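# Observations on chain architecture
Below, each chain spelled out in residue letters.
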Amino acid sequence: MKSTFPESWVIGVDDTDMPDIGGTGRLARRLAAEIETLGLGHSTGVTRHQFFEGPGVPKTARNSAAAIAFVDVGSASELFEKVCEIVIRESIEGSDPGVAIGNVCLPELIGFARRAQGGLVTQAEARDLGAAGTRNLVGLGGTEDGVIGALGAMALRLAGNDGRFVDLAGIREVAGTMEVAAVLEQTGIVDVVDAAGGESLAPASTLDLGNWVRPRLVGGQPVLVAKFSREKWVNADSRQK
């Protein structure tokens, strides 16, 4: 599989919601749609990335952040400015939003993101790394702690092997039992693989998707993982919405 395209620009967004109100994932999906409508870039999907939830971490429902990869970007500066404008407009009052943009996967950024998944990191550390490893990183309100998750999500999306797609062509329109070929044709999913060994399922294989299709980010691409259960292939990650 190919890794994230070098010409992609990745936006990381975090901490834009409050308890029982809104959600960063929802805002990220709205961002992707609005940026496309404005002709500033084409989204290759929104991914959700999970971070540390232990003591000392302020969070709402879950401590996750979102990343959006864009291709066909004419101006990265214009893209970032518009994203920040939308985040300021749409973020819930009392939240602590942050936004990052970059297109280079640096080891120190990946290390930071992984540490943020396993324990506490600081806003100062995020800003220091962001100054050298991103095109831009800004806090847009409140404590501005959202820069931590924004930087982490951007880094993990560029690394290409963490998180799930919460927005991708067709994934919210498919459900039930389908042939693998039809899943690939009707969605942005590029492969369906066996959880046990990683081999691709044959196009004619039938697969029970359930009603929740959220492919994983693997090798920079959206990949659906299946398992053989009760004499049939099923979506290994299926759950109720």
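Conventions and cut-offs
- Residues numbered from 1 in each chain as written.
- Predicted model: local features only at pLDDT ≥ 70, side-chain atom pairs only at ≥ 80, totals over all residues.
- Heavy atoms only, no water.
- Helix = DSSP H or I, 4+ residues; strand = E, 2+ residues; numbered from the N terminus.
- Buried < 20%, exposed > 50% of the residue type's maximum accessible area, 1.4 Å probe, protein only.
- Polar contact = N/O pair within 3.5 Å; in protein donor to acceptor, adjacent residues only side chain to side chain.
- Pairing = 2+ DSSP bridges.
- pLDDT = per-residue confidence, 0-100.
- Contact = heavy atoms within 4.5 Å.
- Salt bridge = Lys/Arg side-chain N within 4 Å of Asp/Glu carboxyl O.
- Phe/Tyr/Trp six-rings, centres within 6.5 Å; stacked < 30°, edge-to-face > 60°.
- Axes fitted to C-alpha atoms, helices over the stretch in contact; angles between N-to-C directions.
- Parallel < 35°, antiparallel > 145°, perpendicular 65-115°, else oblique.
- Left-handed = near helix turned anticlockwise from the far one by under 90°.
- Nonpolar A, V, L, I, M, F, W, Y, C, P; charged D, E, K, R; others polar.

Let us now look at the side chain of Asn63. In this fold, Asn63 is placed in the loop between strand 2 (42-50) and strand 3 (64-71). Residue class for Asn63 comes out buried when judged on its relative accessible area of 15%. Only 2.5 Å separates the side chain of Asn63 from the backbone oxygen of Phe52, close enough to count as a polar contact.

A few words now on unusual backbone geometry. Leave glycine aside and you will find that most residues have negative phi; peptide bonds, for their part, are mostly trans. If you check the backbone angles, Glu144 has positive phi at about 65° while not being a glycine. Of note, Glu144 is situated in the loop between strand 5 (136-139) and helix 5 (146-159). On the basis of relative accessible area, Glu144 is assigned to the partly exposed category, the value being 26%.

With that settled, the discussion passes to the pairing of strand 3. Burial runs high along strand 3: eight of the eight residues are buried. Side chains Ser64, Ala66, Ile68 and Phe70 of strand 3 all project onto a buried face; the interleaved residues Ala65, Ala67, Ala69 and Val71 project onto the opposite face, where all are buried too. Pairing of strand 1 (residues 9-14) with strand 3, which is carried by five bridges, proceeds in the antiparallel orientation. Looking at strand 3, one finds that Val13 is bridged to Ala66. One ladder, built from seven bridges, connects strand 2 with strand 3; its direction is antiparallel. Residue pairing in the sheet places Arg48 in a bridge with Ala66 of strand 3.

Further remarks concern the environment of Val223. With respect to the helices and strands, Val223 occurs in strand 11 (residues 221-229). The sequence separation of Val223 and Ile189 amounts to 34 residues, and the corresponding C-alpha distance is 5.8 Å.

A few words on the confidence of the model for the protein chain. For the protein chain, per-residue confidence averages 90 on the pLDDT scale, and residues scoring 70 or more make up 90% of the total. Predicted confidence is poor over residues 1-6, with pLDDT under 50, and the contacts of this stretch with residues over four places away or in other chains come to 16 contacts.

Our next topic: the pattern of salt bridges. Should the charged atoms of two oppositely charged side chains come close, the side chains can pair. Following the criterion strictly, the structure yields ten salt bridges and no others. Notably, a salt bridge pairs Glu85 with Lys82, separated by 2.9 Å at the nearest N-O pair. Linking Glu85 with Lys82, this pair stays in helix 2 (residues 76-90), spanning three residues, or about one helical turn. Since its relative accessible area comes to 43%, Glu85 is described here as partly exposed. A salt bridge links Glu125 to Arg115; the nearest nitrogen and oxygen atoms lie 2.5 Å apart. Pair noted here: Glu125 is in helix 4 (residues 123-133) and Arg115 is in helix 3 (residues 107-118), with a separation of ten residues, a long-range link.

This structure, assessed with the given rule, holds one aromatic pair. With a centroid separation of 5.2 Å and 70° between ring planes, the pair formed by Phe228 and Trp233 is classed as edge-to-face.

Now for the packing of helix 4 against helix 5. Their axes nearest at 9 Å, the elements helix 4 and helix 5 cross at an angle of 45°. Accordingly, the angle class assigned to the pair helix 4 and helix 5 is oblique. Relative to helix 5, the crossing made by helix 4 is left-handed. Within the contact between the two elements, helix 4 uses Gln123, Ala126, Arg127, Leu129, Gly130 and Gly133 and helix 5 uses Val147, Ile148, Leu151 and Met154. Looking at side-chain class alone, the contact of helix 4 with helix 5 contains six nonpolar, three polar and one charged residues.

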